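For reference, the chains in residue letters:
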Amino acid sequence: MSVHISFETPQDIQESVYELVKAIGKNERGRLKKGANEVTKAAERGTALMIVMAENVSPGELLAHIPMICKEKEIPYIYVADQTYLAEAAGMSAGTKTAAVAIMTMEKDAKDRFEEIKGHFETLSK
């Protein structure tokens, strides 16, 4: 397990996370910040609703500070397996990778899935 991962996210929850990111990114039902730098800024400012990080980031130290910032700012965060699939779900061009995305806003129809994933974060991060 990489240094930036503080808990394991079960596969079924990861699928829900990808679907949420896809609804916001590809279907433009909200706003995302993409990439480690943008996600770090959103976390530090406390403006992110949730942070999604890829597990297969190399080096893992690239994201090691984000869970600490999230805990300080009380921002839920969760992990998915693949940064290429995360980028695709976020609506980025084919072949692109992203280490992390920050969910900034979302339409009401995504709120239920968001709340469900937030509940999983609260259980997994204990």
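Provided above is the structure to which this section pertains.
Residues numbered from 1 in each chain as written. Predicted model: local features only at pLDDT ≥ 70, side-chain atom pairs only at ≥ 80, totals over all residues. Heavy atoms only, no water.

*Asks:* How should I be thinking about the pattern of salt bridges in this particular structure?
*Replies:* Working definition: two side chains of opposite charge can pair if their charged atoms are close together. A complete count under the given rule lists five salt bridges for this structure. A salt bridge links Asp 109 to Arg 29; the shortest N-O distance between them is 3.1 Å. Separated by 80 residues along the polypeptide, Asp 109 in the loop between β4 (100–106) and α5 (111–124) and Arg 29 in the loop between α1 (11–25) and β1 (30–34) bring together distant segments of the chain. Taking the shortest distance from any N to any O, the salt bridge between Lys 33 and Glu 38 comes out at 3.9 Å. With relative accessibility at 24%, the residue Lys 33 sits in the partly exposed group. Look at Glu 38 and you get partly exposed, because its relative accessible area is 30%. (Salt bridge = Lys/Arg side-chain N within 4 Å of Asp/Glu carboxyl O. Helix = DSSP H or I, 4+ residues; strand = E, 2+ residues; numbered from the N terminus. Buried < 20%, exposed > 50% of the residue type's maximum accessible area, 1.4 Å probe, protein only.)

*Asks:* Help me understand the environment of Glu 122, please; the structure alone is not making it clear to me.
*Replies:* Looking at where Glu 122 falls in the secondary structure, it is placed in helix α5. For the pair Glu 122 and Leu 63, spaced 59 residues apart in sequence, the C-alpha separation works out to 20 Å.

*Asks:* Explanation requested: the packing of aromatic side chains in the structure shown.
*Replies:* Each pair of aromatic rings is reported with the distance of its centres and the angle of its planes. All told, the structure shown has six aromatic pairs when counted by the stated rule. Plain terms: the ring middles of Tyr 77 and Tyr 79 are 5.9 Å apart, the flat faces sit at 85 degrees to each other, and that makes the pair edge-to-face. Joined through ring pairs, the aromatic side chains of Phe 7, Tyr 77, Tyr 79 and Phe 121 make up one cluster. (Phe/Tyr/Trp six-rings, centres within 6.5 Å; stacked < 30°, edge-to-face > 60°.)

*Asks:* For this particular structure, what's the right way to read the environment of Leu 32?
*Replies:* Along the polypeptide, Leu 32 turns up in strand β1. Taking relative accessible area as the criterion, Leu 32 reaches 13% and is therefore assigned buried. The spatial distance from the C-alpha of Leu 32 to the C-alpha of Ala 102 is 5.5 Å, given a sequence separation of 70 residues. Once you skip the residues sitting within four places of it in the chain, Leu 32 turns out to touch Val 21, Ile 24, Gly 25, Ala 90, Ala 102, Ile 103 and Met 104. (Contact = heavy atoms within 4.5 Å.)

*Asks:* Mind showing me how you'd approach the packing of α1 against α5 here?
*Replies:* Two numbers describe a pair of packed helices, the interaxial angle and the distance between the axes. The geometry of α1 relative to α5 is characterised by a closest axis approach of 10 Å and an angle of 140 degrees between their N-to-C directions. Classified by the angle their axes make, α1 and α5 are oblique. Regarding α1 and α5, the two cross each other, and that crossing is left-handed. Together, Ile 13, Ser 16, Val 17, Glu 19 and Leu 20 of α1 and Arg 113, Phe 114, Glu 116, Ile 117, His 120 and Leu 124 of α5 make up the contact between the two elements. (Axes fitted to C-alpha atoms, helices over the stretch in contact; angles between N-to-C directions. Parallel < 35°, antiparallel > 145°, perpendicular 65-115°, else oblique. Left-handed = near helix turned anticlockwise from the far one by under 90°.)

*Asks:* Looking at this model, I keep getting lost on the side chain of Ser 16. Mind explaining?
*Replies:* The topology assignment puts Ser 16 in helix α1. With relative accessibility at 17%, the residue Ser 16 sits in the buried group. Ignoring sequence-local partners within four residues, the contact set of Ser 16 consists of Arg 113, Glu 116 and Ile 117.

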